[in-house]
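Report on the structure
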Amino acid sequence: MKPFELTKELLFQGFRTSDGGLSSADAIKRQEEFGLNLIEQKKKKNYVKEFFKQFIEFFPILLEVAGILAFIADYYQPNEGNDILGYAIFGATLINATFTFWQNFKADKAMDALLKLMPTIIKVKRDGKIQQIDASNLVPGDIIILEEGDKIAADAVLIEANELYINTSSLDGESKPSRRELTTSKVQRSIEAKNMVYAGTSVVNGSGEAVVVAIGMATEFGKIATLTGNIQKGLTPLEKEIQKMTKILTILALVAGVAFFFLGYFSGKGPLIAAIFALSLIVANVPEGLLPTITLSLSLASQRMAKKNALIKNLASVQTLGSVSTICTDKTGTLTKNEMTLKEIFLTSGERVEISGGGYSAVGEFTFTNQTNTSQTHLENLLKTVWFNSRATIEDDKVVGDPTELALVAAAKKCNIKPDFEKIKENPFSSDRKMMSTFVKLEGKEVLLVKGAPEVIFTKVTHYQDSDGIKEFDDVTKEKMQNELLSFENRAFRVLAIAINDKDEEDNLTLLGLTAIMDIARPEVKEALEKCYSAGIRTIMITGDNAHTAAAIGREIGLRFDGVLTGDEVAKMSDEELQEVVKDKTYIFARMASNQKLKIASALQNNGEVIAMTGDGVNDAPSLKKADIGIAMGSGTDVAKEASDMVLLDDNFNSIVSAIEEGRTVYFNIKKFVTYILSSNVPEIVPYVMSFFFKIPNPLSVIQILSIDLGSDMLPGLALGSEKPEKNIMKRPPVARDEKILDWEVFKRGYFFIGVIEASAAMFAFITFLLAHGWQYGTVDLQNPVFQAQAMTMTLLGAITSQMANMWTMRSWDFNIWTLSWNSNKGLLFAFGAVSVWIWTLLNVPAVQKVFNTAHIPAADLWILVPFPILILVFHETYKYLRLKKMEAKR
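Everything numeric here is computed off the predicted structure, so don't read it as measured data. Per chain, residues are indexed from 1 in the order of the written sequence. Whole-chain, interface and lining totals are the exception, using all residues; otherwise, since this is a predicted model, local features are given only for residues with pLDDT of at least 70 and side-chain atom pairs are given and counted only at 80 or more. Values shown for side chains rest on all heavy atoms present in the structure; no hydrogens or waters enter the calculation.

**Some remarks on the nonpolar core**
With 133 residues, the main nonpolar core has Ile 457, Leu 511, Leu 514, Met 646, Phe 653 and Val 674 as its most contacted residues. We count a stretch as a helix when DSSP gives it H or I for four or more residues in a row; a strand needs E for two or more, and each element gets its number in order from the N terminus. Considering every element that reaches this core, the biggest residue donor is helix H24 (residues 653-693), with 15 residues. As used in this record, nonpolar core signifies buried Ala, Val, Leu, Ile, Met, Phe, Trp, Tyr and Cys residues forming a set joined through side-chain atoms within 4.5 Å. With a 1.4 Å probe rolled over the protein chains alone, any residue whose accessible area is under 20% of its type maximum counts as buried; one over 50% counts as exposed, and the rest are partly exposed.

The structure is reproduced here in C-alpha cells:
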C-alpha cells in the first residue's frame, strides 16, 4: 500500500515511528541511509570551460583555421600582410567569444530558485518533545509540526489536522488554498491525496502534524526538479543554421583552394608558390566579419525586444521566434487583464443589475431591470455578504487579495457599503470545497455569509430571498437559477452563488443571487490574434476555466478553434492519440492542470510544430523547458523564469506577437547582411586570382581585404541587422525548420549577381586607372610605390563604393527601396556617413594611408567609380521587382 492509504497505526508501523517521533540516534542512522533533505543541484558549471567552449563552435573553428593558415602563408611569403590578417582574425574571434560568453553567462539558477521555496528551520517531534532543526536534517519517519505561515519541508502524511489549508500553487498552479483531511484517500497518485502535505508548499490556515514519508529528490517537488533538469533543449534553428553555413563556407573555401593550387601548379608557378596562393585564397573566402555581425545583430534585436517588454535570455532564441507556428498561451493575465470586474448581478427576486466601471475602481453606477421597492435592500445585503466574506482589501490605490474577491469588494464600495461587522470565524475557500464562508456579527445578529461555485451552493440551498420574503428553493426556482447560470457562462462570466444562514453551518442556506464577474480581455488581443492568423500562426488557449466559460472567452477575443478539450479528456488520451487530435485541428484546453502542458507540448512538437509556451508556476518549468520558446510571465516564479527562454515583463499576449514579429525580422535581416557580406568576398578574391594568373600588378593587399571585412562592412552589416520589419513580414507563413539562411537565393544574389558586379567594379577601377596613367599590360612591377598604392586604392574604392550602393538596395529583400522611408533606418544613415568618412581618411590621412597602403587619388580620376554603384542599384531593384511579380503570380 502507498503511504497515504495507510491508517495511523500502519503508518507508524511502516515508518518505525510513534506519537513522540524518532529518537535522535535513530534520526542519525536514517540520515546515513537516506541522505540530507535537499534538492540536488547539478554540478556547477566551470565558467573557464564555458568561456573556452565559445572557441570550439563550428564558425569560430573555421576562423581559427583561417588565422593559422594566414600565419603559415606569412612564414613562407613574409611582408605581404598575412601576419596582420592572422592577428586580426584571432582578435575578431576573441572579441566575439567574449561577447557571446557574457551574453549567455547564466548559472543554472532553476535549482537555486527551487531552494528558495524550501524552509531552513522547522519544528519536529524528536525524543518525545518538540524541537527546532534544520530542514535538511529531516528524515522519513520524523513527525513535523505544521502551523499557519509555515513552509513545508518534506512530503508527509497527516496524523492530525485542525482546519488545515495549504497553498499548493508551487506544485499544481492552483491559487486557492487546498483543505487537508485525515481521511484515507482513494486516489492513484500521492499528489492527489488530501491527507498529505508537500515539500515547497505552505500552510495558509490551521495546524496539524504529519509523518514524513519522502525527502529531497523523492518528494513531488524533487520530481519536478528532476523532470526539469532531465529535459534537454535541442539546438535552436539559428545554431543549426550557423553550423550549416560554416560547413558550406568551409567546403567552398577548400574546393577553391584545392582547385587554384592545381591551376597554379600546372601553370608553372611551382608547388610552394601555388600552396601559398591556395592558402591565401582559402583565407580570403572566409567572411571574418560575419559571426561578430550576427552576434551583435542578435544582441541589438534583444535590446529592442526588451523595450517591448520581452526579455530574451539566450541570443539564439531571438531568431527561433521567427519559426514559431503555434502559441500555447494561458488565459488569465495574458489574453485578459487579470483584473476581474463584477459586471452583472442576478437577484433571486428576479431583478437583474448591471454595474458600470471597470477594474478595482470604486466609481460606477447600478442599473436595475424590473426594480421593486425591496431591490436596493436586497442588493445591499448581497454586496455586504460578498465583501464581509472576503480577504481582499482596497484602500486608496493599494489593492491586496485575490482578483475575484477584489472585484466583489470594488462593487460593494461603488454602492457605498460600510465595513461595519465583526468577524467571528472563517472557513477558507479551497479547490475541494469550492466555497468560502465567514461567520460574522452584523447589525447585532450573528450570520453565516457564503459564496462559492453555483453547482456546490445549489446543493446546500433550501430557501431563497424573494421580493416579498423568504421562499422555498423548489425545482422550478432551481431550474430558473441554473438557466441564468448557463446564460452567464455562455457570455464568458465567472459566476459565484451568494447565500446566507442565521446559523454557523454550511447547509440549509438561503440564496441571495448570482454574481457575474469577468476578467476583461485585453483590448489589443483581437488585433494581435488576427495578426497571428494572417502570419500562419495558430493560437491554443490553455485555461483552468470550465469548458463553457473557456469557449465563451475564446469567441469573445476572436480565437479560432474547433472545439474544447478538458483536462480529464486529455488525461485519458495516449500521447499518440493526442498527437493525432491536435494535428489538423485547434482546441481550447479547459480545466487543465499545469503538468498536462508538457504532454501538449510534446504532441505538437512531434507533429513538427515550433511552439511557444507560456507559464508562471514551478510546475510549468518542465513544459517551458520542453517548448522551442518557453515564455515565463514577469509576475511568475523564479523557477519558471529560469526554465524559460524569454520573460514577458508585462504578461501581455500582444508582446508575444511583437516578439515573433521581431524574430521573423531578425531572420530576414540576417539573410540581408549575410548576402551583403558575401557580396564583398567576390571583389576580394577576383583581384587576387587575376594577379596570380595574369601579368598585372597586385590589385589588392591582404590588409586592404581586412579593412573591408572588419572595417567598412561592419557598420552597414549591423545597420541592415536592425532594419525595421518588411511590410509583409506577418503576412507570410512561419520560417520553416528546414528553411536555410544560406540558401540558393543568398548565393545567387551575393556571389553570382551583386558580387560579380562588385568584382567588375574593383577590376575596372584598377585597370582603367593604370591605363589612364600610361601603364601597359605585362608590367607587373610599377617601380613607383605611390602609383602602386594609388592603383590598389582604386581597387579598394571600387569594392567599397559598390558596397555603399549594396547597403541601400539590401534594405528590403522583396520590395523596392523607394517604397521605404529613406531615414527610417538611422543606423544605416550613420553607417553610410561613417564609410564616407573612412574613404576620405584613406585618401587624405597619411597615418591611415601608411597602415592600409593607400594614397590620394586626384578628383579627376574618381569618375571611374561612379557607374558600378548605379548598376547595382538599377539591376538589383529590377531583379526584386520582377521576382516579386513572379511570386505574386504564383499565389
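Text resumes after the structure shown.
**Focus on the packing of aromatic side chains**
Stacked, tilted and edge-to-face are the three classes applied to pairs of Phe, Tyr and Trp rings, where Trp contributes its six-membered ring and a pair requires centres within 6.5 Å; stacked means planes under 30 degrees apart, edge-to-face means over 60, and tilted covers the rest. The tally for this structure, following the rule as stated, stands at 19 aromatic pairs. Ring centres 5.1 Å apart and planes at 90° place the aromatic pair Trp 838 and Phe 852 in the edge-to-face group. One end of the pair, Trp 838, is in helix H29 (residues 826-844); the other, Phe 852, is in helix H30 (residues 846-852), and 14 residues separate them in sequence. According to the relative accessible area criterion, Trp 838 is partly exposed, its value standing at 22%. Positioned above the aromatic ring of Phe 815 is the side chain of Lys 727, whose terminal nitrogen or guanidinium carbon lies 4.5 Å from the ring centre. Here, a charge over a ring means that NZ of Lys or CZ of Arg falls within 6 Å of the ring centre while also lying within 35 degrees of the ring normal.

**Remarks on a negative patch on the surface**
Each patch is assembled from residues with relative accessible area greater than 30% and no salt bridge, linking like charges that lie within 9 Å and nonpolar side chains (Val, Leu, Ile, Met, Phe, Trp, Tyr) that lie within 5 Å. In these tables, accessible area is a Shrake-Rupley quantity obtained with a 1.4 Å probe, and a residue counts as shielded only by the protein chains included in the view. Definition used for salt bridges: Asp or Glu carboxyl oxygen within 4 Å of a side-chain nitrogen of Lys or Arg. All tallies of charge rest on Lys and Arg as positive and Asp and Glu as negative; His and the ends of each chain are not included. Charged side chains are reduced to one point each, which is NZ for Lys, CZ for Arg, CG for Asp and CD for Glu. Side chains of Glu 472, Asp 474, Asp 475 and Glu 479 sit close together on the surface and give a patch of like negative charge. Take Asp 474: it is sitting in the loop between strand E19 (469-472) and helix H16 (475-489).

**What about the pattern of salt bridges?**
On inspection of all chains with the given rule, the structure shows 34 salt bridges. Its salt-bridge partner being Lys 223, residue Glu 220 comes within 3.2 Å of it at the nearest N-O pair. One end of the pair, Glu 220, and the other, Lys 223, are both in helix H8 (residues 220-230), three residues apart, so they sit about a helical turn from each other. Here Lys 223 falls in the partly exposed class, since its relative accessible area comes to 43%. A salt bridge links Glu 344 to Arg 491; the nearest nitrogen and oxygen atoms lie 3.0 Å apart. Here the residue Glu 344 occupies a position in strand E10 (residues 336-347), and Arg 491 occupies one in the loop between H16 and strand E20 (494-501), the gap between them amounting to 147 residues. Salt bridges sharing partners connect three or more residues here, namely Glu 745, Lys 748, Arg 749, Asp 814 and Arg 883.

**Looking at helix H27 (residues 744-772)**
The span you would expect from a helix comes to 1.5 Å times its residue count less one. Counted at 1.5 Å a residue, the expected span for H27 with its 29 residues is 42 Å, and the 39 Å between its end C-alpha atoms agrees. To obtain the bend at a residue, axes are fitted to the seven residues ending there and to the seven starting there, and the angle between these axes is taken. Along H27, the helix axis deviates most sharply at Gly 755, where the bend reaches about 50°. Backbone geometry just after H27 places Gly 774 at a positive phi near 90°.

**Details of the pairing of strand E1 (residues 121-126)**
Being paired, for any two strands, means DSSP has found at least two bridges between them. Taken together, the six bridges between E1 and strand E2 (residues 129-134) define a ladder with antiparallel strand orientation. By the bridge assignment, Ile 122 is partnered in E2 with Ile 133. Counting the residues that bridge the hairpin from E1 to E2 gives two residues, and of these Asp 127 lies at a positive phi of roughly 55°. Pairing between E1 and strand E3 (residues 143-147): two bridges, direction antiparallel. Residue pairing in the sheet places Val 124 in a bridge with Ile 144 of E3.

**Quick word on a nonpolar patch on the surface**
A cluster of nonpolar side chains, namely Trp 863, Val 866, Ile 870, Leu 871, Val 874 and Phe 875, defines an oily patch on the protein surface of about 550 Å² accessible area. Inspection of the secondary structure puts Trp 863 in the loop between H30 and helix H31 (867-890).

**Structural notes on helix H21 (residues 597-606)**
Of all 10 residues making up H21, seven are buried, and the element is well covered by its neighbours. Among the residues of H21, Lys 597, Leu 598, Ile 600, Ala 601, Ala 603, Leu 604 and Gln 605 are the ones counted as buried. After H21 finishes, the residue Gly 608 shows a positive phi value of roughly 90°.

**Re the side chain of Thr 348**
In this structure, Thr 348 sits in the loop between E10 and strand E11 (352-355). Note on Thr 348: relative accessible area 5%, which makes it buried. Of note is the side chain of Thr 348, whose polar atom sits 2.5 Å from the backbone oxygen of Gln 465. Contact criterion: two residues are considered in contact whenever any of their non-hydrogen atoms come within 4.5 Å of each other. Excluding anything up to four places from it in sequence, Thr 348 contacts His 378, Tyr 464, Gln 465, Asp 466, Met 481, Leu 511, Leu 512 and Gly 513. Each polar contact in these results corresponds to two N or O atoms within 3.5 Å; when the atoms are within protein, one needs to be able to donate a hydrogen and the other to accept it, and residues that are neighboring in sequence are counted only if both atoms are side-chain atoms.

**Concerning a positive patch on the surface**
Together, Lys 240, Lys 244, Lys 247 and Lys 740 line one region of the surface with positive charge. As for its placement among the helices and strands, Lys 240 is situated in helix H9 (residues 237-266). In this structure Lys 240 comes out as partly exposed when scored by relative accessible area, which is 39%.

**Re the environment of Glu 422**
Within the secondary structure layout, Glu 422 lies in strand E15 (residues 422-427). For the pair Glu 422 and Glu 723, spaced 301 residues apart in the sequence, the C-alpha separation amounts to 63 Å. Residues in contact with Glu 422, not counting those within four places in the same chain, are Phe 439, Val 440 and Lys 441.

**Let's talk about the state of the cysteines**
Disulfide assignment relies on a single distance test, namely cysteine sulfur atoms paired within 2.5 Å. This structure, assessed with the given rule, holds zero disulfides. Looking at the unpaired Cys 328, the closest cysteine sulfur is the one in Cys 532, lying at 12 Å. With a relative accessible area of 0%, Cys 328 lands in the buried category.

**Section: the packing of helix H25 (residues 702-712) against helix H26 (residues 714-721)**
Helix axes are fitted to C-alpha atoms over the stretch in contact, other axes to C-alpha atoms as well, and angles between N-to-C directions run from 0 to 180 degrees. Where H25 meets H26, the axes come as close as 5 Å, and the angle between the chain directions of the two elements is 35°. Contact with H25, carried on its side by Asp 709, Leu 710, Gly 711 and Ser 712, involves Met 714, Leu 715 and Pro 716 of H26 and no other residues of that element.

**Notes on the confidence of the model for the protein chain**
Taken residue by residue, the protein chain gives an average pLDDT of 85. The fraction at 70 or more is 90%. As a per-residue quantity, pLDDT reports the predictor's confidence and falls between 0 and 100. No element of the protein chain has a lower mean pLDDT than helix H6 (residues 110-116), which averages 45, and none a higher one than strand E18 (residues 461-466), which averages 96. Between residues 106-115, whose pLDDT stays under 50, and residues either more than four places distant or in other chains, the model counts 24 contacts.

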